[in-house]
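One-letter residues, chain by chain:
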Amino acid sequence: MEHLDTLIIGAGALGLACAARLAGHGRSLLIAEAENRIGSHTSSRNSEVIHAGLYYPPGSLKAELCLEGRERLYAWCARHGVGHRRIGKLLVAVHEDECARLEGLQANAAACGLHELQPLDRDQLRRLEPEVKAVAGLLSPHTGILDSHAYLQSLLAATERQGGQLALATRIERLEPHPDGWLVSGTSAGEPFQILADEVINAAGLDAQALAARIPGLPAAAVPRLHLCQGRYFSYSGRSPFQHLIYPMPEANTAGLGIHATLDLGGQLRFGPDVHYLERLDYSVDEALRAPFAAAIRRYWPGLDADRLVPAYSGVRPKLSGPGEPPADFVIQAPAQHGLVGLINLFGIESPGLTASLAIAERVAAALRQ
């Protein structure tokens, strides 16, 4: 039976970042991806924003790994020729009663170690973005955008240069502790297989909990409940009036940051995501959402032509918190937490997971060596 040093389950940003970090040094490494291409789900269905790290609770993994990951990601993109731009983001208070929340975000950012946010008054905002209606704002100069698909490809290329391999259409059905590591059972291109692996990283994203629940010896309490949360996007046909990303104040009592305006590297303007909890996986975007999207956007962009909003795509976040619950932190579950040697489970890696991916890979590598 084939014996691997490292098996990584899932070829999204997390799995590929872990692979690029752990490959090489004469180690055998395989990435098993259930779909027919890399990054088919959460990693390729997002805003492609490099987050600055200002929203998350101080001391949380999200806060720490976003800040560390941001700088690692900018350096990686520059080194590997991945398209990116430090475009900057404007957080805007549309009405006076939102100014306290704007100040709260600045204070939270400072508590997380970010002291770069620049307060802006109405006139300063108007000079930066004449189309935006707001009474005050914050400029986040280190927020950026990237080509997420090129980033995933660069991680895979780095892995393969170091001898790691990718197996597409390969679904892992079961992991069992074994005297020689982990006995891994699954199918590849429809054919059943078994291999042994010294260490396994469960980076299966939306499927991580389902896989973990089938691991003998892993306590049920160690597998947090998954909440599928859809985020839908509309693109805007025509020239964008914005030079920065535009974010309203985060929505009260929801898990969302508000319907914000983002740009891709080609200048395409899009809006989203919203927050919509699901019972089952669904990537559809209903045209009927145009009216509520338009109403949310017009709060900060009164000049919106709603007829130019076109349903674009959606992503699904693997949340650990349900509707009305406080946001949950990332879970990087190592042997120290669950007692099973050589197993890492990654749960609830939603935003800012893409930004934090290289930093998460460092934590995973450290946990495996402890």
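Let us look at the structure shown here. On a predicted model such as this, the values are computed, not experimentally measured, just so you know.

### Some points on the packing of helix H2 (residues 61-80) against helix H9 (residues 353-369)
Interaxial distance between H2 and H9 falls to 6 Å at its minimum, and their mutual angle equals 100°. With respect to each other, H2 and H9 are oriented roughly perpendicular. Seen from H2, the contacting residues are Leu61, Glu64, Leu65, Cys66, Glu68, Gly69, Arg70, Arg72, Leu73 and Trp76; seen from H9, they are Leu354, Thr355, Ala356, Leu358, Ala359, Ile360, Glu362 and Arg363. The residue inventory of the contact of H2 with H9, partitioned by class, reads 10 nonpolar, 2 polar and 6 charged.

### A few points about the packing of aromatic side chains
Evaluation of the coordinates by the stated rule reveals 7 aromatic pairs. Relative to Tyr313, the ring of Tyr233 lies with its centre 4.5 Å away and its plane at 20°, an arrangement referred to as stacked. Here Tyr233 is found in strand S13 (residues 227-236), whereas its partner Tyr313 is found in strand S18 (residues 309-319), with 80 residues between them in sequence. Summarising the burial analysis for this pair, Tyr233 and Tyr313 share the class buried. Aromatic side chains Phe271 and Trp301 sit 6.1 Å apart centroid to centroid with 20° between the ring planes, which places their arrangement in the stacked category. With Phe271 in strand S16 (residues 269-272) and Trp301 in the loop between helix H7 (290-298) and S18, this pair connects stretches of sequence that are 30 residues apart. Among the residues examined, Phe271 registers a relative accessible area of 0% and is labelled buried. The ring of Tyr74 is capped by Arg86, whose NZ or CZ atom sits 3.7 Å from the centre of that ring. The ring of Tyr247 has Lys89 sitting right over it, with the charged end atom 4.1 Å from the ring centre.

Rules of the game
- Residues numbered from 1 in each chain as written.
- Predicted model: local features only at pLDDT ≥ 70, side-chain atom pairs only at ≥ 80, totals over all residues.
- Heavy atoms only, no water.
- Axes fitted to C-alpha atoms, helices over the stretch in contact; angles between N-to-C directions.
- Helix = DSSP H or I, 4+ residues; strand = E, 2+ residues; numbered from the N terminus.
- Parallel < 35°, antiparallel > 145°, perpendicular 65-115°, else oblique.
- Contact = heavy atoms within 4.5 Å.
- Nonpolar A, V, L, I, M, F, W, Y, C, P; charged D, E, K, R; others polar.
- Phe/Tyr/Trp six-rings, centres within 6.5 Å; stacked < 30°, edge-to-face > 60°.
- Buried < 20%, exposed > 50% of the residue type's maximum accessible area, 1.4 Å probe, protein only.
- Lys NZ or Arg CZ within 6 Å of the ring centre and 35° of its normal.

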